[in-house]
Amino acid sequence: MKKIELFLLCFLTFLVVSCETIRPAENFAGEEVLASEGIVVFCIRNSLAGAQCQYPINNHSSEIGVEYILPKIQLAPSVGIKTFSITNDTAPYQLVCIKLPKGTWHLSEIGENSQFTYSEHYSFSVVPGVVNYVGDWELSVYPFVGLGELTDVYTVSVSDRKDETLQLLYSSHPELSNMEVVNATVVTEQLYPRFWKSKIEQYEEALKNGEVVVRYD
């Protein structure tokens, strides 16, 4: 009996700790930047904001007309368990300006179904006391239907548009214009979430051949 109670206690403790490790990343609002923190700046491009899901006319799925939901993005440290989540707004182009502890961080998840393992991630270093520009992130969504439910899967590509992003940043945060800027961008091609690369490639091939069952427009 004591073993069962101990197991339940450990399990509940794990759940509580897990919930506490994911925190919403609040946009920088001019508050104090600690010596162990850096300002992280990047843009999210999400052209499908406000799109509707489209099916062929002969498809009678109950999901017809479902509205595209903007995904959350999670950033995780290479060391430690504290993860920060970033909520997309409804704009197709979003400036993100947040504080993060110094160290190496990586993209760990987009939405609910796209996880990126450490070996496949997009990573960047946060230098304390400076503005860390980490790129322009363009999201692509691939909708799949399985068991009557719609599953959105994401890829991301990263480009360097530092000058354009800094103009946006300084217009909303002029207090940061005197701060040193470090370009920590690593330009990447399309990054695939684990377990989904082959299915996404099949989807893209079907799209070229006009065979896709479901899409967003």
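In this text, all values refer to a predicted model and were calculated from it rather than measured experimentally.

Caption draft 1: Layout of the overall build of the protein. When you go through the protein residue by residue, the secondary structure sums to three helices and 14 strands. The 217 residues of the protein split such that 40% are buried. Sequence-distant contacts in the protein: of pairs separated by 6 or more residues, those separated by 24 or more amount to 71%. For the protein, the computed accessible surface area is about 12400 Å², with 55% contributed by carbon and sulfur atoms.

Caption draft 2: Local environment of the layout of surface pockets. Roughly 370 Å³ of internal volume is contained in the largest pocket. Taken together, 17 residues line the largest pocket, and the ones lying closest to its centre are Ile69, Gly111, Glu112, Asp152 and Tyr154. Breaking the lining of the largest pocket down by element, the ones donating at least two residues are strand E4 (72-77) and strand E11 (149-159).

Caption draft 3: Just the pattern of salt bridges, in detail. Taken as a whole, this structure holds six salt bridges when the rule is applied. Arg45 is the salt-bridge partner of Asp136, the closest N and O atoms lying 2.3 Å from each other. Note that Asp136 is positioned in strand E10 (residues 131-146) and Arg45 in strand E2 (residues 37-45), a separation of 91 residues in sequence. In this pair, the class of Asp136 matches that of Arg45, namely buried. Measuring nitrogen to oxygen at the nearest pair gives 2.7 Å for the salt bridge that ties Asp217 to Arg215. The class for Asp217 is exposed, based on a relative accessible area of 51%.

Caption draft 4: The pairing of strand E7 (residues 103-110), seen in detail. Here E7 lies mainly inside the structure; six of its eight residues are buried. In the sheet, E4 pairs with E7 via five bridges, with the strands oriented antiparallel. Residue pairing for E7: Ile73 is matched across the bridge by Ile110. Relative to strand E9 (residues 123-126), E7 runs antiparallel, the two being bridged by four bridges. For Gly103, the partnering residue across the bridge sits in E9 and is Val126. Between E7 and strand E8 (residues 114-115), which follow one another and run antiparallel, lie three residues, and Gly111 among them has a positive phi close to 65°.

Caption draft 5: How the structure looks around the side chain of Thr185. For Thr185, the location among the structural elements is in the loop between strand E12 (181-183) and strand E13 (188-191). With residues near it in sequence (within four places) discarded, Thr185 still touches Tyr122, Tyr133, Val134, Gly135, Val158, Ser159 and Asp160.

Caption draft 6: Molecular detail of unusual backbone geometry. Positioned with a positive phi, Phe195 is a non-glycine residue whose angle comes to about 75°. Counting through the fold element by element, Phe195 comes out in the loop between E13 and helix H3 (197-208).

Caption draft 7: Summary view of the environment of Cys53. Tracing the chain through its elements places Cys53 in strand E3 (residues 53-54). A relative accessible area of 2% places Cys53 in the buried class. Taking C-alpha positions, Cys53 is 8.6 Å from Pro143, a pair spaced 90 residues apart along the chain.

Conventions used here
- Residues numbered from 1 in each chain as written.
- Predicted model: local features only at pLDDT ≥ 70, side-chain atom pairs only at ≥ 80, totals over all residues.
- Heavy atoms only, no water.
- Helix = DSSP H or I, 4+ residues; strand = E, 2+ residues; numbered from the N terminus.
- Buried < 20%, exposed > 50% of the residue type's maximum accessible area, 1.4 Å probe, protein only.
- Contact = heavy atoms within 4.5 Å.
- Areas by Shrake-Rupley, 256 points an atom, 1.4 Å probe, with all protein chains shown as cover.
- 1 Å grid on protein atoms, 1.4 Å probe; cavity = no way out; pocket = protein on both sides within 12 Å on 5 of 7 lines; lining within 4 Å.
- Points joined across faces, edges and corners; volume = space filled by probe spheres on them.
- Salt bridge = Lys/Arg side-chain N within 4 Å of Asp/Glu carboxyl O.
- Pairing = 2+ DSSP bridges.

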